[in-house]
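Listed below, chain by chain, are the residues.
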Amino acid sequence: MYYSDEIVEEIRAKSDIVGVISGYVSLKKKGSNHWGCCPFHNEKTPSFAVSENKQMYHCFGCGESGNVITFLMKYENYSFPEALRVLADRAGVQLPELEYSEEQKKRASRRQRLLDVNKDAATFFYYQLRKNPHGEVGLAYLRKRELTDETMKKFGLGYAGKNGGELVAYLRKKGYRDEEIRDAGVATFSEKNGLSSQFWNRVMFPIQDANHRVIGFGGRVMGDGEPKYLNSPETDIFDKRRNLYGLNYARTARAGNMILCEGYMDVIAMHQAGFSQAVASLGTAFTPEQAHLIHRYTEQVLLAYDSDGAGVKAALRAIGILRNEGLTAKVINMRPHKDPDEFMKALGREAFQERIDQAENSFFYEIRMLESNYNVKDPEERTKFHREIATRLCNFEEEVERENYLQAIAEKYYIGVDNLRKLVANYAAAGIAKPVERPKSGIQSKTAAQEGAKRAQKLLITWIADYPQIFPKIRPYISPADFTEELYAKVTERMFADLEKGNFQPAEIISTFEDEQSQKEAAELFFEKLPEMETTQEKEQALRDVILAVKRNSYEHFKQKQAERDINAITQVLEAKKALLALEKLRITLDE
Ligand SMILES: [Zn+2]
């Protein structure tokens with residue numbers, strides 16, 4: 001942290017979260033929370049809660065969560081010190097001069113240097129395209145792709161000339177050391193050539209993070225060179241799994257959906273046509289981290305992948321990932337054209353909007369693609385096809401959803417609905433469910449168990465935050481070590497210590513985490529949805545189950561460690577076993 005914990009906490013404590021957020025979102029009090037429409041995703045019915053007691057906010061729609069400081073950082077795109085300064089002014093607190101540790105200074109300045117190199121490289125490429133005669137080939141290419149000057153400017157498109165040494169010379173002249181130029185990913189070093197540009201003879205697409213900072217590049221070769229597209233390597237500032245091309249604009253498009261495309265040119269063509277909610281992955285396959293990132297802004301993703309074989313395969317894979325993230329996916333039919341760029345040129349934006357409106361439900365799409373593997377005129381193949389449909393229907397855990405899909409599919413493919421239902425019931429009873437383009441089942445069940453354990457730990461943290469009176473009762477049996485997720489353990493360590501001192505404030509704990517992602521994850525822990533129960537007795541039972549689940553998981557965790565010959569785990573196992581026996585007999589009361 002740049003400021004001492006004390007001053008951060010003083011400012012946070014003096015900034016009433018309801019007051020601050022009401023300046024941005026209209027809130028209505030209901031129960032113990034204030035509710036409004038979430039400013040971080042598109043919605044019509046309020047699922048954004050601001051808790052006066054906890055001094056925190058949480059969106060039950062998109063999962064955004066945090067305290068008054070993180071709210072300003074997120075909403076206004078402020079850095080931590082900026083948000084703090086605004087709140088200090090508002091609360092009339094005088095901020096001291098910044099305090100940096102040497103280590104922090106070094107780290108912050110290194111990241112900043114790498115960002116600066118990329119920014120200056122982008123400027124260099126930008127002028128090469130426009131001012132250097134060699135750039136004409138690039139400009140001609142982009143004009144042929146029908147990009148307007150305004151679009152080229154918006155995306156900062158540039159050109160890397162045939163002489164790879166020029167960029168390096170330019171950056172050296174700007175005062176960067178060779179090591180910085182290399183570590184920023186814009187040049188490579190070889191014994192033979194020394195330091196030379198990573199890119200040459202390419203049209204350059206600067207890749208920006210959500211805050212418009214250039215973190216890397218994609219380059220499209222001019223002519224027939226290989227590879228056609230080349231990207232910056234991963235660096236300390238460029239993580240391909242956690243960024244999306246176009247997100248810096250798409251995040252504020254508020255179109256109610258995001259369009260996922262395959263390539264940079266697709267994204268640019270879409271934005272030019274007014275679809276500024278388009279994004280693309282960064283030269284690699286779509287990742288779960290990217291799905292998670294999208295989920296911050298929307299619930300629905302429209303896939304606009306190429307209509308060829310590779311595109312279909314990539315789309316099917318992406319559908320699995322989006323579904324796992326809990327996003328709704330639909331597929332845009334681009335035929336007879338290959339990709340959004342071609343489509344837009346041939347048929348224009350109205351026609352594309354129509355295709356968006358008609359986008360196909362991702363499950364129907366999967367089944368339709370599946371059908372092409374079978375000769376359905378042949379009775380035997382047709383049976384196989386139906387069996388395949390049935391196994392996939394088993395994947396819908398919710399009965400209503402499964403039944404709805406079952407009926408729709410039966411009708412669509414002329415299958416007797418009762419027969420299909422019987423088949424599905426048989427498969428479901430046998431535990432047959434076919435993961436669609438997902439990790440192998442072994443991994444999957446392990447993840448399911450891990451997810452269960454994580455959820456129990458989150459629930460317990462929320463229970464204690466909502467009902468601090470239970471803490472003294474369970475404290476002898478539950479310790480921060482039982483929280484097997486590292487971040488959860490950190491949160492509970494602080495939380496338990498604060499509770500023991502009788503001074504527990506969840507919003508304060510959030511501020512002890514440095515990066516935005518940890519702050520969000522920590523905040524979420526205090527807003528896990530507790531089961532809605534009629535009677536206190538039922539509630540107490542639910543709480544007991546959660547405590548036991550956390551302790552059992554901890555027991556298993558340490559047993560595993562013991563098996564791995566971790567000496568310290570032995571005492572933990574014995575302790576956990578004793579605590580489990582005691583907990584089973586313990587009566588927990590929620591005196592309301
Ligand atoms: Zn939200």
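Keep in mind that what you see is a predicted model, and the values were worked out from it rather than measured.

Draft legend 1. Layout of the sheet that holds strand E15 (residues 328–331). Pairing in this open sheet of five strands is mixed, and the strands run E13-E12-E14-E15-E16 from one edge to the other. Bordering the open sheet on either side are strand E13 (278–280) and strand E16 (360–361), each of which pairs with just one other strand. Note: strand E14 (residues 300–304) against E15, four bridges, orientation parallel. From the neighbouring strand, Leu303 faces E15, where its bridge partner is Val331.

Draft legend 2. Here's a closer look at the sheet that holds strand E9 (residues 202–208). Reading across from one edge, E6-E9-E10-E11 is the order of the four strands in this open sheet, with antiparallel pairing throughout. Edge positions in the open sheet fall to strand E6 (158–160) and strand E11 (229–231), since each of these has one partner strand only. Pairwise comparison of adjacent strand axes, ignoring direction, gives a mean angle of 35 degrees for this sheet. Relative to E11, strand E10 (residues 214–221) runs antiparallel, the two being bridged by three bridges. Across the sheet, residue Arg220 finds its bridge partner in E11, namely Tyr229. The sheet contacts of helix H6 (residues 136–144) involve E6, E9 and E10, and relative to E9 the element is tilted by about 70 degrees.

Draft legend 3. Molecular detail of the environment of Asn243. Position of Asn243 among the secondary structure elements: in the loop between E11 and helix H10 (247–250). C-alpha separation for the pair Asn243 and Gln290, spaced 47 residues apart in sequence, amounts to 6.5 Å. Not counting residues up to four positions away in its chain, the partners in contact with Asn243 are Asp209, Ile215, Leu282, Gln290 and Leu293.

Draft legend 4. Examining the coordination of the zinc ion more closely. The protein atoms donating to the zinc ion are Cys38 (SG), His41 (ND1), Cys59 (SG) and Cys62 (SG), with metal-donor distances spanning 2.1 to 2.3 Å. Coordination of the zinc ion draws on donor residues from a single chain, spaced C-x2-H-x17-C-x2-C in sequence. Assessed through its relative accessible area of 7%, Cys38 is described here as buried.

Draft legend 5. View of the pattern of salt bridges. Counted according to the given criterion, the structure contains 32 salt bridges. Ionic pairing is found between Lys14 and Glu10, a salt bridge with its closest N-O pair at 2.9 Å. Of this pair, Lys14 and Glu10 are both found in helix H1 (residues 5–14), four residues apart, which corresponds to roughly one turn of the helix. On the accessibility criterion, Glu10 (33% relative accessible area) is partly exposed. Between Lys74 and Glu64 there is a salt bridge; the shortest N-O distance is 3.6 Å. Taken as a pair, Lys74 in helix H3 (residues 68–76) and Glu64 in the loop between strand E4 (56–59) and strand E5 (65–67) lie far apart in primary sequence, ten residues in all. You can call Lys74 buried: its relative accessible area is 10%. Given the relative accessible area of 2%, Glu64 is considered buried. Ionic contacts of the salt-bridge type, sharing partners, join the residues Arg110, Arg182, Asp183 and Asp236 into one network.

Draft legend 6. Here's a closer look at the confidence of the model for the chain. On average, residues of the chain score 88 in pLDDT, and 95% of them reach the 70 mark or higher. In the model, residues 434–445 has pLDDT below 50 throughout and makes 16 contacts with residues more than four positions away in sequence or in other chains.

Draft legend 7. Focus on a nonpolar patch on the surface. On the surface, a nonpolar cluster with roughly 320 Å² of combined accessible area is contributed by Ile567, Ile570 and Leu574. Given a relative accessible area of 39%, Ile570 falls into the partly exposed group.

Draft legend 8. The packing of aromatic side chains, seen in detail. Applying the stated rule across the entire model yields 34 aromatic pairs. Centre to centre, the rings of Phe205 and Tyr229 are 6.3 Å apart; their planes meet at 45 degrees, and the pair counts as tilted. Linking Phe205 in strand E9 with Tyr229 in strand E11, this pair joins segments that are 24 residues apart in sequence. Classification of Phe205 by relative accessible area gives buried; the value is 0%. On the basis of relative accessibility, which here comes to 32%, the residue Tyr229 falls in the partly exposed class. Ring geometry for Phe363 against Tyr405: centres 5.1 Å apart, planes inclined by 65 degrees, an arrangement best described as edge-to-face. Here the residue Phe363 occupies a position in helix H15 (residues 362–371), and Tyr405 occupies one in helix H17 (residues 399–412), the gap between them amounting to 42 residues. Of the two residues, Phe363 and Tyr405, neither departs from the other in class, the shared state being buried.

Draft legend 9. Spotlight on the domain arrangement of the chain. If you check the domain split of the chain, you get domain 1 (5–91), domain 2 (102–238), domain 3 (247–367), domain 4 (373–429) and domain 5 (442–585). Here the C-alpha centre of domain 5 lies 26 Å away from the C-alpha centre of domain 1. Listed as interface residues are 20 residues of domain 1 and, on the opposing side, 16 residues of domain 5. Here domain 1 and domain 5 share one salt bridge between them. At the junction of domain 1 and domain 5, the tally comes to four residue pairs in polar contact (both at pLDDT 80 or more). Broken down by secondary-structure element, the contributors of at least two residues to the side of domain 1 that touches domain 5 are H1, E4, E5 and H3. A per-element tally of the side of domain 1 that touches domain 5 places H3 first, with four residues.

Draft legend 10. Inspection of the packing of helix H16 (residues 379–393) against helix H18 (residues 417–429) at higher detail. One way to put it is that H16 packs onto H18 with a least axis distance of 9 Å and a crossing angle of 55 degrees. Judged by the angle between their axes, H16 and H18 are oblique. As H16 runs across H18, the sense of the crossing is right-handed. Note on element contacts: H18 touches H16 through Leu420, Leu423, Val424 and Tyr427, opposite His386, Arg387, Ile389, Ala390, Thr391 and Leu393. Within the contact of H16 with H18, the residues separate by chemical class into seven nonpolar, two polar and one charged.

Draft legend 11. How the structure looks around the nonpolar core. One finds Leu157, Phe217, Tyr245, Ile259, Met270, Ile332 and Phe352 to be the most contacted residues of the largest nonpolar core, which totals 60 residues. Looking at which element gives the most residues to this core, the answer is helix H5 (residues 102–131), with eight residues. If you count residues domain by domain, this core takes at least three from each of domain 2 (102–238) and domain 3 (247–367). For Tyr245, the contacting residues outside a window of four places in its chain are Phe155, Leu157, Phe205, Pro206, Ile207, Tyr264, Val267, Ile268, Ala278, Val279, Ala280 and Leu282. Grouped together as the second largest cluster of nonpolar side chains are 48 residues, Ala465, Ile478, Ile509 and Phe558 included.

Calculation rules
Residues numbered from 1 in each chain as written. Predicted model: local features only at pLDDT ≥ 70, side-chain atom pairs only at ≥ 80, totals over all residues. Heavy atoms only, no water. Pairing = 2+ DSSP bridges. Helix = DSSP H or I, 4+ residues; strand = E, 2+ residues; numbered from the N terminus. Axes fitted to C-alpha atoms, helices over the stretch in contact; angles between N-to-C directions. Contact = heavy atoms within 4.5 Å. Donors = N, O, S within 2.8 Å, 3.2 Å for Na, K, Ca; no water. Buried < 20%, exposed > 50% of the residue type's maximum accessible area, 1.4 Å probe, protein only. Salt bridge = Lys/Arg side-chain N within 4 Å of Asp/Glu carboxyl O. pLDDT = per-residue confidence, 0-100. Patch = residues over 30% accessible without salt bridge, like charges linked within 9 Å, V, L, I, M, F, W, Y side chains within 5 Å. Areas by Shrake-Rupley, 256 points an atom, 1.4 Å probe, with all protein chains shown as cover. Phe/Tyr/Trp six-rings, centres within 6.5 Å; stacked < 30°, edge-to-face > 60°. Domains from an automatic or database assignment. Polar contact = N/O pair within 3.5 Å; in protein donor to acceptor, adjacent residues only side chain to side chain. Parallel < 35°, antiparallel > 145°, perpendicular 65-115°, else oblique. Left-handed = near helix turned anticlockwise from the far one by under 90°. Nonpolar A, V, L, I, M, F, W, Y, C, P; charged D, E, K, R; others polar. Core = buried A, V, L, I, M, F, W, Y, C linked by side-chain atoms within 4.5 Å.

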